[in-house]
Amino acid sequence: MKMLLLLVMMKACAAITQDLSGKMFTFPLESNRAHVKFNTSRMDFDAVTVCHRSFTDLKRDHILFSLATPSHANDFLIFWDNTNKEMEVFIRNKKAEFGGRDYKLNTWHSVCTTWDATTGLVQLWFDGQPSIRKFTSSGSNINGPVIIIVGQEQDSHGGGFDIKQSFVGMMADVHMWDYVLSPCEMQNYLDERNFTPGSVLNWRALNYQIIDKVLVENKKMVCY
C-alpha cells in the first residue's frame with residue numbers, strides 16, 4: 001500500500017516548523033550521518049523531561065536521544081546498552097543504569113525520562129512502568145548552546161557519530177519539557193490521551209532539520 005511521504009530521502013533539508021501529529025521519522029539504514037536535529041532557543045535547564053516512542057529491530061547498542069553542549073557531550077542522553085540489556089541515562093556525562101526493561105524488538109515502546117538539578121535524581125518510565133529514582137548530577141544546570149539530535153549519538157558537540165551506535169527504525173511523538181512531568185501527565189502521554197505538549201520540543205509544532213537519509217511518514221500502528 002502506498003504511504004504518503006512528506007519528505008523524500010535527502011542529503012539535508014532546511015529547518016522547518018511542522019505539526020507532526022500522526023507522523024513518524026523513519027531511519028531506514030545504518031549510517032554515521034543520518035539524523036534529525038531539533039532546534040530550540042533555550043540554553044538553560046534546571047529540570048528536564050523527555051518523552052518519545054520508538055520501534056526498532058536492532059540487536060546492538062543504539063542511541064535514542066542525544067543532547068550535547070560544548071562542555072558535556074552527554075548532557076542529557078538516552079541509550080540502549082544491548083550487552084547489559086539496560087537503558088542508560090547520562091546527565092552531564094554521569095550515567096544511571098536501568099535494567100529489567102522488556103525492550104522487545106519490532107514493537108512500539110514509549111519512554112519518558114526525567115531529571116531534576118536540585119536533587120540530581122533521574123527516573124525512567126518505560127511503557128507506563130516507573131523505575132526507581134537514581135542519582136546522577138545535582139547542583140548545576142544543563143546550560144550552554146544545546147544541540148539536540150535523534151538518530152546519532154554525539155561524542156562531541158554536534159558530531160563524533162559512530163555508525164555502531166546509530167538508530168535504525170522509527171521514532172515518533174518526541175516532546176521535551178523544562179520541568180519534571182507529573183505522574184498523571186506522564187501516564188496521559190504514555191496512554192496517548194490529552195496531555196500538555198512539550199515546552200521545549202513539541203511534536204505538534206516541531207522545529208527540526210533532517211540530515212541525510214531520514215523520512216517523515218504516516219505513523220504505522222498494528223491493527224487488530
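Refer to the preceding data block for the structure.
These numbers come from a predicted model, not from an experiment.

**Q** An account of the sheet that holds strand β4 (residues 35-38) is needed here, citing residue identities and associated values.
**A** Spatially, β2-β18-β4-β16-β7-β8-β9-β10 is the arrangement adopted by the eight strands of the open sheet, whose pairing is antiparallel. The open sheet has two free edges, formed respectively by β2 (16-18) and β10 (94-99), since each of these has just one partner strand. This sheet shows a mean twist of 25° between the axes of neighbouring strands, independent of strand direction. Inspection of the sheet shows β4 paired to strand β16 (residues 147-150) by three bridges, in the antiparallel sense. From the neighbouring strand, Lys37 faces β16, where its bridge partner is Ile149.

**Q** Describe unusual backbone geometry, listing the residues and the values that go with them.
**A** The phi angle at Lys85 is positive, at roughly 55°, despite the residue not being glycine. Relative to the elements of secondary structure, Lys85 occurs in the loop between β8 (76-81) and β9 (86-91). For Lys85, a relative accessible area of 46% gives the class partly exposed. Its identity is not glycine, yet Asn106 carries a phi of approximately 55°, on the positive side. According to the relative accessible area criterion, Asn106 is partly exposed, its value standing at 48%.

**Q** Residue-level account of the pattern of salt bridges, with values.
**A** Evaluation of the coordinates by the stated rule reveals 11 salt bridges. Between Glu30 and Lys164 there is a salt bridge whose closest N-O contact spans 3.3 Å. One end of the pair, Glu30, is in the loop between β3 (23-27) and β4; the other, Lys164, is in the loop between β16 and β17 (169-177), with 134 residues separating them in the sequence. Take Lys164: its relative accessible area is 47%, and that puts it in the partly exposed class. Arg33 is the salt-bridge partner of Asp212, the closest N and O atoms lying 3.5 Å from each other. With Asp212 in the loop between β18 (206-211) and β19 (215-218) and Arg33 in the loop between β3 and β4, this residue pair connects regions lying 179 residues apart in the sequence. Overlapping salt bridges bring together Glu30, Arg60 and Lys164 as one network.

Conventions and cut-offs
- Residues numbered from 1 in each chain as written.
- Predicted model: local features only at pLDDT ≥ 70, side-chain atom pairs only at ≥ 80, totals over all residues.
- Heavy atoms only, no water.
- Pairing = 2+ DSSP bridges.
- Helix = DSSP H or I, 4+ residues; strand = E, 2+ residues; numbered from the N terminus.
- Axes fitted to C-alpha atoms, helices over the stretch in contact; angles between N-to-C directions.
- Buried < 20%, exposed > 50% of the residue type's maximum accessible area, 1.4 Å probe, protein only.
- Salt bridge = Lys/Arg side-chain N within 4 Å of Asp/Glu carboxyl O.

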